[in-house]
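A structural walkthrough
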Amino acid sequence: MRNGKKTVLAVLLAGCCAFSGCGTQAEETEQAEQGNFVTGTVECKEVYIRAKIPGYLTDIPIEEGQEVKEGDLLFSTDQRDVQVKQTQASATAQAAAGQVEAAKNAVQAAAAVVDKANANVKLLETEYAKYQELYAIDAVSQDNMDKLTTQLEAARLDAQAAAAQQQAAQGQYEAATGQLQAAKGVLAEVNLNLSQTSQYAPCNGTVTMISSSVGELIGTGTTIVTLTDYGDRWITANVDEYEIGKLRIGQEIPLTSKAYPDTVFHGKIINISKNPDFAIKKSTNELNDQDVVTYEVKIALSGEDDIMLYPGMLVRVDLDKVGEAQ
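What you are looking at is a predicted structure, and each value in this text was computed from that prediction instead of being measured.

**Comments concerning the pattern of salt bridges**
A full pass over the atoms with the stated rule returns 3 salt bridges. Across the pair Glu125 and Arg156 runs a salt bridge whose closest N-O atoms are separated by 2.9 Å. Of this pair, Glu125 sits in helix α2 (residues 80-136) while Arg156 is found in helix α3 (residues 142-195), placing the two residues 31 residues apart along the sequence. The closest approach of N and O atoms between Lys246 and Glu243, which form a salt bridge, is 2.6 Å.

**Here we look at the nonpolar core**
By size, the foremost hydrophobic cluster in this structure holds 21 residues, and its most contacted members are Leu247, Leu255, Val297, Ile299 and Val317. Within the residue set of this core, elements represented by two or more residues are β1 (37-50), β8 (223-240), β9 (252-257), β10 (260-281), β11 (292-301) and β12 (314-318). A per-element tally of this core places β11 first, with 4 residues. Among the nonpolar cores identified, the runner-up in size contains 16 residues, and Ile49, Leu57, Ile60 and Phe75 belong to it.

**Topic: the environment of Arg248**
Examined against the element boundaries, Arg248 turns out to sit in the loop between β8 and β9. Assessed through its relative accessible area of 49%, Arg248 is described here as partly exposed. Considering only alpha carbons, one finds Arg248 and Gly323, 75 residues apart in sequence, at a separation of 9.1 Å. The residues contacting Arg248, other than those within four sequence positions of it, are Ile269 and Ile272.

**Examining the confidence of the model for the protein chain**
Of the residues in the protein chain, 83% reach a pLDDT of 70 or more, and the chain-wide mean stands at 85. Taking the mean pLDDT of every element in the protein chain, the minimum, 44, falls on helix α1 (residues 2-34) and the maximum, 97, on strand β4 (residues 73-77). Across residues 1-32, confidence stays below pLDDT 50; counting only partners more than four residues off in sequence or on other chains, it has 0 contacts.

**So, the environment of Lys85**
As for its placement among the helices and strands, Lys85 is situated in helix α2. Residue classification places Lys85 among the exposed residues on the basis of a relative accessible area of 51%. When the C-alpha atoms of Lys85 and Leu187 are compared, they prove to be 8.5 Å apart, with 102 residues separating the residues in sequence.

**Quick word on α2**
Between its first and last C-alpha atoms α2 spans 84 Å; for 57 residues at 1.5 Å apiece the expected length is 84 Å, and the two agree. Considered for burial, the residues of α2 that qualify are Val82, Ala89, Ala93, Ala96, Val100, Ala103, Val107, Ala110, Val114, Ala117, Val121 and Leu124. Lining the buried residues of α2 we find α3. Asp138 sits one or two residues past α2 and shows a positive phi near 60°.

**Details of the pairing of β1**
The pairing of β1 with β12 spans 5 bridges and is antiparallel. Bridge pairing in β12 links Thr39 to Arg316. Pairing of β1 with β8 involves 11 bridges; the strand directions are antiparallel. By the bridge assignment, Val47 is partnered in β8 with Leu227.

**As for the side chain of Asp318**
You can see Asp318 is positioned in strand β12. Lys321 provides the closest opposite charge to the buried, salt-bridge-free Asp318, at an N-O distance of 4.1 Å. Residues contacting Asp318, with those up to four places away along its chain left out, are Asn36, Phe37, Ile253 and Pro254.

**A closer look at the sheet that holds strand β2 (residues 55-59)**
Read from one edge of the open sheet, 4 strands run β5-β4-β2-β7, paired in antiparallel fashion. Bordering the open sheet on either side are β5 (198-200) and β7 (217-218), each of which pairs with just one other strand. In the sheet, β2 pairs with β4 via 2 bridges, with the strands oriented antiparallel. Its bridge partner lying in β4, Leu57 is registered against Thr77.

**Concerning the packing of aromatic side chains**
Two aromatic rings, taken as a pair, are described by how far apart their centres are and by the angle between their planes. Taken as a whole, this structure holds 1 aromatic pair when the rule is applied. Here Tyr260 and Phe265 contribute two aromatic rings whose centre-to-centre distance is 5.8 Å and whose plane-to-plane angle is 75°, an arrangement assigned as edge-to-face. Since its relative accessible area comes to 0%, Phe265 is described here as buried. The ring of Trp234 has Lys298 sitting right over it, with the charged end atom 4.3 Å from the ring centre.

About the cut-offs
- Residues numbered from 1 in each chain as written.
- Predicted model: local features only at pLDDT ≥ 70, side-chain atom pairs only at ≥ 80, totals over all residues.
- Heavy atoms only, no water.
- Salt bridge = Lys/Arg side-chain N within 4 Å of Asp/Glu carboxyl O.
- Helix = DSSP H or I, 4+ residues; strand = E, 2+ residues; numbered from the N terminus.
- Core = buried A, V, L, I, M, F, W, Y, C linked by side-chain atoms within 4.5 Å.
- Buried < 20%, exposed > 50% of the residue type's maximum accessible area, 1.4 Å probe, protein only.
- Contact = heavy atoms within 4.5 Å.
- pLDDT = per-residue confidence, 0-100.
- Expected span 1.5 Å × (residues − 1).
- Pairing = 2+ DSSP bridges.
- Lys, Arg positive; Asp, Glu negative; His and termini not counted.
- Phe/Tyr/Trp six-rings, centres within 6.5 Å; stacked < 30°, edge-to-face > 60°.
- Lys NZ or Arg CZ within 6 Å of the ring centre and 35° of its normal.

Structure, rendered in structure tokens:
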């Protein structure tokens, strides 16, 4: 009886040991599969084409999913309002140019009057000097000297008046010039608005969204078309502060994706943000812990790998093998 009890106890002990060993092996296998990974997201360049001026959409010659090249027309808005403003601004600029020309002629005429008045003053001053010599020897009467003096003073007053008119004409010319510059500025703005009634693709890409329809009234800043440049893709991953010190710009790093479980992709670190992104572990007063923050790492894909990974896909970044990808 005792032998039977011993046998049962031995079996139970062996089972416990076996169960404990299996549990430890399973944990080690799970840790090995987990490794030191972080999850990254495939991203790509998106360009939002917005309306620069308000108006009615008259043409959208593209469709969602269409490939476009830089310079292709994306959409147009009604030009009529802008064309009317262009006509008005052009007429205002022409009138201002005419005023500038008239003011310029007035300045030149005033300058000629000033020159003539100054010449007359100079002539009378020379004659007055001679009369003074003759007056000193009684060769000229007092009446003649008084008349010459009066003429000289009048000539000087005329010269001063001519100079004042010239200054006024110069002021009018400067004012007209300022008005012309303002009119040209308005015309340039209208011409710019006219050119912005048609928006073209700033780069090659795929039309991934059209947010409005022909005939719709749109406002300034409204997004009409979204372009996605699938040729410019990268991966962003958030790495915690304990691991970030291992990484350097230019290092190669292996990547895996659930979409292609048997494929190892190759990336190269092109940027490591120096600003923390968010805390992956919040501090607790009970344990006296501290926040653990992450830093965004940008990883470029090689040309061949870039084709297989689409925006939004999740990839695993193996931090233990950084620098080992070939």
